[in-house]
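Each chain is listed here by its residues.
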Amino acid sequence: MAASQAGKHKVVVIGSGFGGLFGTKALRHADVEVTMIAKTTHHLFQPLLYQVATGILSQGEIAPATRDVLHKQKNATVLLGEVTGIDLTNKTVTSELLGRVSVTPYDSLIVAAGAGQSYFGNDQFAEFAPGMKSIDDALELRGRIFGSFELAELGAARGENVDDLLTFVVVGAGPTGVEMAGQIAELARRTLKQDFRHISSRQARVVLVDAAPQVLPPFGEKLGEYSKKALEKAGVEVVLGGMVTAVDERGLEVKFKDGSTRRIDSVAKIWAAGVQASPLGKTLAEQTGAELDRAGRIAVNDDLTLPGHPEVFVLGDMISLKNLPGVAQVAMQGGKFAAKSIKADLAGKPRPQEFKYFDKGSMATISRGKAVTTVGKLRFTGLIAWLMWLVVHLAYLTGFKNRVTAVLRWAISFLGRDRSERTTTLQQIFARQALEQIDGGATGLVSDPGETERLLEARRNELEEQAAKEARLTDAGERGVTAH
Ligand SMILES: Cc1cc2nc3c(=O)[nH]c(=O)nc-3n(C[C@H](O)[C@H](O)[C@H](O)COP(=O)(O)OP(=O)(O)OC[C@H]3O[C@@H](n4cnc5c(N)ncnc54)[C@H](O)[C@@H]3O)c2cc1C
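Here the structure is a predicted model, which is why all the values come from computation and not from measurement.

**Q** Would you explain the overall build of the chain in this entry?
**A** A count of helical and extended segments in the chain gives 14 helices and 23 strands. A globule of 484 residues ought to have a C-alpha radius of gyration of about 23 Å, and the chain, at 25 Å, matches this closely. Expressed as lengths along the three principal axes of its C-alpha atoms, the size of the chain is roughly 95 × 55 × 50 Å. Buried positions account for 49% of the 484 residues belonging to the chain.

**Q** Would you mind showing me how to read helix α11 (residues 400-415) here?
**A** For an α-helix the count is 3.6 residues per turn, leaving residues at separations of three or four pointing the same way. If you check α11, its first and last C-alpha atoms are 22 Å apart, about what 16 residues at 1.5 Å a residue would give, namely 22 Å. Within α11 the residues assigned to the buried category are Asn402, Ala406, Arg409, Trp410, Ser413 and Phe414. Looking down the long axis of α11, one finds its buried residues gathered within 110° of arc, a one-sided arrangement. Exposed side chains of α11 directed beyond 90 degrees from the buried face belong to Phe400, Lys401, Leu408 and Leu415. Check the buried side of α11 and you find it contacts α2 (49-53), α3 (59-62), α6 (175-191) and α10 (382-396).

**Q** Mind showing me how you'd approach the pairing of strand β2 (residues 32-38) here?
**A** In summary, the side chains of a regular strand alternate between the two faces of the sheet. With seven of its seven residues buried, β2 lies for the most part within the structure. Burial along β2 is two-sided: the residues Val32, Val34, Met36 and Ala38 and Glu33, Thr35 and Ile37 are all buried. When strand β1 (residues 9-14) meets β2, the two strands line up parallel, connected through six bridges. For Ile14, the partnering residue across the bridge sits in β2 and is Ile37. Each parallel crossover has a hand, and the one from β1 via helix α1 (residues 18-25) to β2 is right-handed.

**Q** How should I be thinking about helix α7 (residues 220-233) in this particular structure?
**A** Taking 1.5 Å as the rise per residue, α7 with 14 residues should run 20 Å; its terminal C-alpha atoms sit 20 Å apart, in good agreement. Burial in α7 covers these residues: Leu223, Gly224, Ser227, Ala230 and Leu231. Taken end-on, α7 shows its buried residues confined to a sector of 130°, consistent with a single buried face. Those residues of α7 that are exposed and aimed more than 90 degrees away from the buried face are Glu221, Lys222, Lys229 and Lys233. On the buried face of α7, the contacting elements are α6, β10 (205-210), β11 (236-240), β21 (362-367), β22 (370-375) and β23 (378-381). After α7 finishes, the residue Gly235 shows a positive phi value of roughly 105°.

**Q** It is not clear to me how the sheet that holds strand β13 (residues 251-256) should be interpreted in this structure. Could you clarify?
**A** Working definition: the strands of a sheet are paired by backbone hydrogen bonds and lie parallel or antiparallel to each other. Here three strands make up an open sheet; going across it, the order is β12-β13-β14 and the pairing antiparallel. For this open sheet the edge positions go to β12 (242-248) and β14 (261-265), each flanked by a neighbour on one side alone. The average angle at which neighbouring strand axes cross in this sheet is 25°, direction not considered. Across six bridges, the pairing between β12 and β13 is antiparallel.

**Q** Sorry, what's going on with the sheet that holds strand β9 (residues 167-171) here?
**A** Pairing in this open sheet of four strands is parallel, and the strands run β11-β10-β9-β15 from one edge to the other. With one partner strand each, in any of the chains shown, β11 and β15 (268-271) form the two edges of the open sheet. Strand-to-strand twist of the sheet, defined as the mean angle between neighbouring strand axes without regard to direction, takes the value 20°. Sheet analysis places β9 next to β15, joined by four bridges and oriented parallel. Among the inter-strand pairings, Val170 is bridged to a residue of β15, identified as Ile270. Against the sheet, α7 engages β10 and β11, with an angle of about 140° to β11.

**Q** Which parts of the structure should I look at to understand a nonpolar patch on the surface?
**A** On the surface, a cluster of nonpolar side chains totalling about 330 Å² of accessible area is made up of Phe400, Val404 and Leu408. By secondary structure assignment, the location of Leu408 is in helix α11. You can call Leu408 exposed: its relative accessible area is 53%.

**Q** Can you help me understand the site of the ligand in this one?
**A** Looking at the ligand, there are 26 residues lining it, with Ser16, Gly19, Gln46, Val83 and Asp317 nearest. In the model, an oxygen atom of the ligand is placed 2.8 Å from a nitrogen or oxygen of the Gly19 main chain. Contact between the ligand and Ala112: an oxygen atom at 3.4 Å from a main-chain N or O atom of the residue. For the ligand, whose accessible area on its own is 990 Å², the fraction buried by protein is 88%. Taken together, the elements giving at least two residues each to the shell around the ligand come down to α1, β4 (82-87) and α9 (328-346). Residue composition of the shell around the ligand, grouped by class: 11 nonpolar, 11 polar and four charged.

**Q** I would appreciate a short explanation of the pattern of salt bridges in the present structure.
**A** Pairing is possible between side chains that carry opposite charge, provided their charged atoms lie close to one another. In total, this model carries 21 salt bridges according to the counting rule given. Here Asp195 ties to Arg422 by a salt bridge, and the two come within 2.9 Å at their closest N and O atoms. Within this pair, whereas Asp195 is found in the loop between α6 and β10, its partner Arg422 is found in the loop between α11 and α12 (426-437), the two being separated by 227 residues in sequence. Residue classification places Arg422 among the partly exposed positions, given a relative accessible area of 31%. Residue Asp265 is joined to Arg263 by a salt bridge in which the shortest nitrogen-to-oxygen separation is 3.0 Å. Owing to a relative accessible area of 42%, Asp265 belongs among the partly exposed residues under this scheme.

**Q** What's the story with the nonpolar core in this structure? I'm lost.
**A** Side chains of nonpolar character tend, in soluble globular proteins, to be buried together. Membership of the largest hydrophobic core comes to 112 residues, with the highest contact counts inside it found for Ile62, Phe149 and Val314. Tallying contributions element by element places helix α5 (residues 135-157) first for this core, with eight residues. Domain assignment of the residues forming this core places at least three in each of domain 1 (9-39 + 81-118 + 276-346) and domain 2 (123-273). If sequence neighbours within four positions are ignored, Ile62 has contacts with His43, Leu44, Phe45, Leu48, Leu49, Val52, Leu57, Ile135 and Leu397.

**Q** What exactly am I supposed to notice about the side chain of Arg142 here?
**A** Relative to the helices and strands, Arg142 resides in helix α5. No salt bridge is formed by the buried Arg142; its nearest oppositely charged neighbour, Glu421, is found at 4.2 Å. Polar side-chain contacts of Arg142 include one of 3.1 Å to the backbone oxygen of Thr423. Dropping the residues within four chain positions of it, Arg142 is found in contact with Val52, Ala53, Gly55, Leu57, Ser58, Gln59, Gly147, Glu421, Thr423 and Thr424.

Quick notes on the rules
- The residue numbers shown here count from 1 along each chain, following its written sequence.
- Selection of residues for local features in this predicted model requires a pLDDT of at least 70, selection of side-chain atom pairs for listing and counting requires 80 or more, and totals for whole chains, interfaces and linings are taken over all residues.
- Calculated side-chain values reflect all of the structure's heavy atoms, with hydrogen atoms and water omitted.
- By definition, any uninterrupted DSSP run of H or I lasting at least four residues is a helix, any uninterrupted run of E lasting at least two residues is a strand, and each is numbered from the N terminus.
- For this measure, only C-alpha atoms enter the radius of gyration; the expected value for a globule follows 2.2 Å times N^0.38, where N is the number of residues.
- Burial status follows relative accessibility: with a 1.4 Å probe on protein chains alone, a residue under 20% of its type maximum counts as buried, one over 50% as exposed, and anything between as partly exposed.
- In this analysis, the expected span of each helix is defined as 1.5 Å times one less than the number of residues it contains.
- Working note: the arc is built from the helix axis to C-beta atom directions.
- By the convention used here, residues are in contact when the closest approach between their heavy atoms is within 4.5 Å.
- If DSSP finds at least two bridges between two strands, the strands pair.
- By convention, a crossover is right-handed whenever its connection, traced from the first strand over the helix to the second and viewed with the strands pointing away, goes clockwise.
- Structural elements are reduced to axes, namely lines fitted to C-alpha atoms, with helices fitted over the stretch in contact, and the angle between N-to-C directions of any two is expressed from 0 to 180 degrees.
- Patch rule: a residue counts if its relative accessible area is over 30% and it has no salt bridge; like charges are joined within 9 Å, and nonpolar side chains (Val, Leu, Ile, Met, Phe, Trp, Tyr) within 5 Å.
- For the accessible areas, the method is Shrake-Rupley and the probe is 1.4 Å, while residue cover comes only from the protein chains on display.
- A pairing counts as a salt bridge when a side-chain nitrogen of Lys or Arg comes within 4 Å of a carboxyl oxygen of Asp or Glu.
- Only heavy atoms are used to decide nearness, and a residue is near a molecule or strand if one of them lies within 4 Å of it.
- Contacts described as polar in this section are N or O atom pairs within 3.5 Å, which, within protein, must combine one atom able to donate a hydrogen with one able to accept it, while residues neighboring in sequence count only if both atoms come from side chains.
- Lys, Arg, Asp and Glu make up the charged group, whereas Ala, Val, Leu, Ile, Met, Phe, Trp, Tyr, Cys and Pro make up the nonpolar group; the residues left over, Gly among them, are polar.
- What we call a nonpolar core is a set of buried Ala, Val, Leu, Ile, Met, Phe, Trp, Tyr and Cys residues that are connected through their side-chain atoms within 4.5 Å.
- An automatic or database domain assignment supplies the residue ranges for each domain.
- Asp and Glu are treated as the negative residues and Lys and Arg as the positive ones, with His and the ends of the chain left uncounted.

Here it is, written out as structure tokens:
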């Protein structure tokens, strides 16, 4: 680890996602020492996770190593670990990696830990319907999707009924669900159509379910209707106004407003409905009295700081502020705003007062050559929207290498009918469940609470010594003595 430059203003950034990375990068010319703490080694471009899950892109293309992204930024250090505690009084962040505890002190803190999947209180659904928030999720889903076709081929050869293996259900008709459903349909109808001998992949059923009355609610009724029709044309069955009330290994149950229920037999199910902000929001709320909304998002001041803590910024998917949406631009602009405020403090200048989000528009792809895009009051559909989507995603994908390979992969998948990333392993499909069953204590995955306490005690002593030193200096100053 690079030697710490004593005396420099210490900024700790939690998270290497859009908010954390853009905040860190915006501090590259500042006279500060930045420590970015994140639980993964990569920066994840979540909007393209569905392409990893459906075999178009590799995980490396959407998740470059954070160390590599920041290797030229000499004032930034990357610390791998899961943040388990934030102490606003002693100004420390505690993180852990495989039982090793780190306590990192800060002068300014940027918290951008994002959001996880929400099953609306039914976490047991996760076992049978994984969400799509991480590379692990996307690879597990890839394994389950391609694996279902394999099992169907095997079953059909034995004369078994394989309808549930050839039925794919995506829950949630927001952009992620729409993109996922569209791509599974395309996979079945184009990519795999010549690959099997006992099943016809084209017969696969892809069902998109949502409790809302329309597809893509934030895009408005007209684009929602366009998207629904385009999905149906691509072979997706759209079921609206239906709430998923039960999920098991072989299917799920949907309940409608009139009280009727419908069971859909399906082995591969994907959960793309609902988000829950990082639990770090709760830690911060408990220490500041800031409110949490139902999705666990913390209410922040207009300048993204916490009440009574102008040194702590919270941003991105973790916050509730003026109904800002949970999108990448909110996090990126928030990260830059926090960096600007820190730089203003250091320069002795007034901070920007209010975080103002500049909405650059929204987009969602439906299938090859079809998308919907909104920019201000303008609405685009079809090929032009899809080309806009292509250009924007390429522009924001981190790293030149990744952009080049992504273009090649897209050419293979969208001009041709192939997919380069169809490899699946048993590890991908089952490792999450195996990990959940591991006894952390026996494997040394869980930290020693004594070590955490010792490190925090050391920090408390350090702060006490610092305060005593400052008091002595003030005392000496008041008595007209020059301290050396
Ligand atoms: C499948 C999917 C598709 C999406 N598509 C779009 C889209 O098309 N357009 C769009 O604008 N937005 C899209 N979004 C939303 C967008 O990705 C988020 O709004 C954005 O990532 C939020 O940025 P963030 O920095 O707040 O959080 P994130 O980018 O999620 O980053 C959070 C970071 O914190 C780290 N972290 C979390 N907890 C801890 C902890 N305890 N300790 C250490 N590190 C921690 C994570 O590892 C991660 O590095 C999509 C999201 C998903 C999941």
